[in-house]
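Breakdown of the fold
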Amino acid sequence: QFMSRHFGHFMYETLSTFWIFEQTPAREFDYFLFHPLTFGSAIVDLNRFCFERFGIDPAKVIVVADEPLLVDHLVVPERLAQLNHSADPSLRWVYDAIARRPEGTAPSRRLYISRRVFNATFSRRVIANEIRVENLFRQAGFEIFYPELVSFAEQVATCSQAAVIAGMSGSNLLNVHFAARDALLIEIGDPRYQGKPNPCLPPAAGVARARHRFIPFVGRVFGPRMTVLVDIDHLTEAVEPILREDLAQGGD
C-alpha cells in the first residue's frame, strides 16, 4: 500500500517493505507496484526523496487501482511494521539509508516538533495552548521545529542531528527514526489513548534504538474536534526529571 500523502502511514508502513533493497538493489527490479489505498497515487516530496535514497526511478512506479494487471514474476516483501502493534528492529537499516548520517558525528540538538503550524490548516486535534508548551521547551534549551515549513530533505537532515526529540503524540514523532542511536524521545500523551502511548511510538523507538519517555496527558478536552488544553504546570513537573535523567546519562 502506497499511502503516499500521509506522512505517518508512509513512514511506518510503506517504508517497512523497503528492507528488500538491502538484499536486492532497486536497479534489479523492472517496476515497483503499489496499491493506493485511500491516499491517492500522487508522488509527493516525501516519496520522491525516499525513492532517490533507494535508487527507485519514479518513472517505474506503478500505482495499481482496480484495473487488471498481468505480471510474469512478482516479489512481495513482507511488511515488517504492523500498525498499532509492532515493528521489526532490523528496519533500522531502512531509516539509516534515508538519513545517511555522516560517520563520527555526535548529534546534540534538542528539538520540540510542534503541531501548531500544521493545526492552522488541519483543525482536528488542535492543542489550544501549544505556544505555551513550545515556550516551556524553549526555556529548557530546545529548538522549536515546524516540519511543515521545510522540505522533507531538510526535515531528515534536522532530525538526524537530534539528541532529543519531544512533541505531542502523533506522526510527527516518527522523525525519531532519523535520530542517532540512543536519542531521547519525549512523548506528550494524546487523550485518545487514555493514558497510554500512541501504540506506534514504542515500536518506532525500538527500531530507532531511542529511549522513549512518556508523559500522560493531563488537561482538558473539548469540542467535536477534540481540541485539547494542556496543563502546563503538570507538564513542567513531568519534563524536568526526564531532562535531569538525560543530563545524568551524559546529555548536554
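What comes next is a walk through the structure. Please read these numbers as outputs of a predicted model, since none were measured by experiment. (Residues numbered from 1 in each chain as written. Predicted model: local features only at pLDDT ≥ 70, side-chain atom pairs only at ≥ 80, totals over all residues. Heavy atoms only, no water.)

With that settled, the discussion passes to the state of the cysteines. Taken as a whole and judged by the stated rule, the model has zero disulfides. Free cysteine C159: the closest other cysteine sulfur is in C50, separated by 13 Å. Of all cysteine sulfurs, the one in C50 lies closest to C200, which takes part in no disulfide; the gap is 17 Å. (Disulfide = S-S within 2.5 Å.)

With that settled, consider the packing of aromatic side chains. One pass over the full model with this rule turns up 14 aromatic pairs. When the ring of Y95 is compared with that of F178, the centres are 6.2 Å apart and the planes differ by 65°; the resulting orientation is edge-to-face. Within this pair, whereas Y95 is found in helix α4 (residues 92-99), its partner F178 is found in the loop between β7 (162-168) and β8 (184-188), the two being separated by 83 residues in sequence. Aromatic side chains Y112 and F137 sit 4.9 Å apart centroid to centroid with 25° between the ring planes, which places their arrangement in the stacked category. In this pair, Y112 sits in strand β5 (residues 109-113) while F137 sits in helix α6 (residues 130-139), placing the two residues 25 residues apart along the sequence. Accessibility classification places Y112 together with F137 in one group, the buried group. (Phe/Tyr/Trp six-rings, centres within 6.5 Å; stacked < 30°, edge-to-face > 60°. Helix = DSSP H or I, 4+ residues; strand = E, 2+ residues; numbered from the N terminus. Buried < 20%, exposed > 50% of the residue type's maximum accessible area, 1.4 Å probe, protein only.)

A separate point is the pairing of strand β9 (residues 211-215). Where β8 meets β9, five bridges bridge the pair, whose relative direction is parallel. In the sheet register, L184 faces β9, and the bridge partner there is R211. One crossover worth recording links β8 to the parallel β9 by way of helix α8 (residues 201-208), and it is right-handed. (Pairing = 2+ DSSP bridges. Right-handed = clockwise from strand over helix to strand, strands pointing away.)

Interpretation in functional terms is not warranted from these geometric data alone.
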